[in-house]
Amino acid sequence: MSVFFLPSAYDGCYYYRGYLPGVYSGMGVVESYQSKGFDTDELQKRCKEADTIVFQRPNDATKSELAVLLKQSGKKIVFDNDDSYLPDKGVPLVMLPTERQKEIAVQMNDNLYKVIGVSDLVIASTEFLADEYRKVHNNVLVSKNCIDPKDEYKPKKNDTGKYRIGFVGSVTTNDDYIHIKDQIKKLSERDDITIVVFGVKSGNGQVHGAMKEDLLFWESLPNIEWQSFVPINEYYYTINKLRLDLMVIPRQDSYFNRCKSNLKFLEASLLRIPVIAQGFEDGLSPYQVNKEDMEHMDIVIDNSTWYDKIVELLQDENRRIQMAEKAHDYVLLNYNIKDHAPKLREIIENI
């Protein structure tokens, strides 16, 4: 059976959900996983030649219509996603400040569910998200996010004389830091700490309208260092060069965040960066659902303790090093795409 992973508009998501599984299992992928510059004619040709097409987060009308047409032509269709777009539950409202943007989100979710409706198999990144799709489809499985050993870099030593705390990607927006704003500010006021913000700004310094309030908060902090978003092929290199002593992953307890995976923990651990991550009281945050994961990071459930937990770990260098080394070995053993991709191929081929 010939399988083709059709690229999505989200480079990072496609990299983990399509490109890496395809490359390490011999299934079909586009040579570049960057969304800009795709040859439409080439994509159409690949879809026609394949027996099965995997649609990764097809939230635009063109992809949903294509899925229907390919299904009608006798192709097998697989739907894959790693975020919820469910109205009033998925996509945080903070990212949808206008009524028009909310309407667009509803349309995107409708497109996703249209593809689910013609799919032979639905794949989600977590059990929580899979349960959403099981309400509308009877063949849903979970395929965890995995990392590629080739993305590992030799850690760069922090020789700045200050501890460097990283807030990376989505935790800098989406209100995910709001519940610990005062503690972040308190950390930034210490002369021995630099807060490193990787996100908010695009490469040219521009900021999405929905992130302007986030920008005002982070810019108000003393002892802050900026790193703009970068393309996914520069992501690991960029994180490594930031020389982080610790990665901090706060999350609001929301439906959207419960659908998320533990991917940030995997990325940090591959680069030997110790992690402090968000826990929920019921034990169902993305960093708690796998009990083994929890042995390799610090989990904060009482949100009043973030500052103390961070300072305590920063000041214990031996523990940080041991935590990072064990986490590195753990994710390579349990979340290695080389081991996982062939299993995914077998599942897809058995549709």
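Worth saying up front: this structure is predicted, and the values here are computed from it rather than measured.

**Comments concerning the sheet that holds strand β4 (residues 121-124)**
- Read from one edge to the other, the open sheet built from five strands follows the order β1-β2-β3-β4-β5, with strand pairing classed as parallel. In the strand order of this sheet, the two ends are held by β1 (3-6) and β5 (140-142), each with one partner. In this sheet, neighbouring strand axes are inclined to one another by 25° on average, regardless of whether the strands run parallel or antiparallel.
- In this structure, strand β2 (residues 52-56) lies alongside strand β3 (residues 76-81), joined through five bridges in parallel fashion. Following the sheet pairing, Val-54 is matched in β3 by Val-78.
- On top of the sheet, helix α2 (residues 40-49) reaches β1 and β2; it is set at about 145° to β1, its chief contact.
- Taken strand by strand, helix α14 (residues 337-349) contacts β1, β2, β3, β4 and β5, and its axis lies near 155° from that of β4.

**Notes on empty space enclosed by the protein**
- Evaluated as defined, the whole model comprises one cavity of 30 Å³ or more.
- Only α1 (11-23) and α14 provide two or more residues apiece to the lining of the largest cavity.

**With respect to the packing of aromatic side chains**
- This structure, assessed with the given rule, holds 13 aromatic pairs.
- The interplanar angle of 20° and the centroid separation of 6.0 Å between the aromatic rings of Tyr-15 and Tyr-19 together place this pair among those described as stacked. Taken as a pair, Tyr-15 and Tyr-19 lie in helix α1 at a separation of four residues, close to a single helical turn. Judged on exposure class, the residue Tyr-15 and its partner Tyr-19 are both buried.
- Summarising the aromatic geometry, the rings of Phe-198 and Tyr-235 are spaced 5.7 Å apart at their centres and angled 35° between planes, so their arrangement reads as tilted. Here Tyr-235 lies in helix α8 (residues 235-241) and Phe-198 lies in strand β7 (residues 193-198), a separation of 37 residues in the sequence. Summarising the burial analysis for this pair, Phe-198 and Tyr-235 share the class buried.
- Above the ring of Tyr-307, the side-chain terminus of Lys-186 is found at 4.3 Å from the ring centroid.
- Note that Lys-201 overlies the ring of Trp-226, its terminal NZ or CZ placed 4.4 Å from the centroid.

Reading the values: the criteria
- Residues numbered from 1 in each chain as written.
- Predicted model: local features only at pLDDT ≥ 70, side-chain atom pairs only at ≥ 80, totals over all residues.
- Heavy atoms only, no water.
- Pairing = 2+ DSSP bridges.
- Helix = DSSP H or I, 4+ residues; strand = E, 2+ residues; numbered from the N terminus.
- Axes fitted to C-alpha atoms, helices over the stretch in contact; angles between N-to-C directions.
- Contact = heavy atoms within 4.5 Å.
- 1 Å grid on protein atoms, 1.4 Å probe; cavity = no way out; pocket = protein on both sides within 12 Å on 5 of 7 lines; lining within 4 Å.
- Points joined across faces, edges and corners; volume = space filled by probe spheres on them.
- Phe/Tyr/Trp six-rings, centres within 6.5 Å; stacked < 30°, edge-to-face > 60°.
- Buried < 20%, exposed > 50% of the residue type's maximum accessible area, 1.4 Å probe, protein only.
- Lys NZ or Arg CZ within 6 Å of the ring centre and 35° of its normal.

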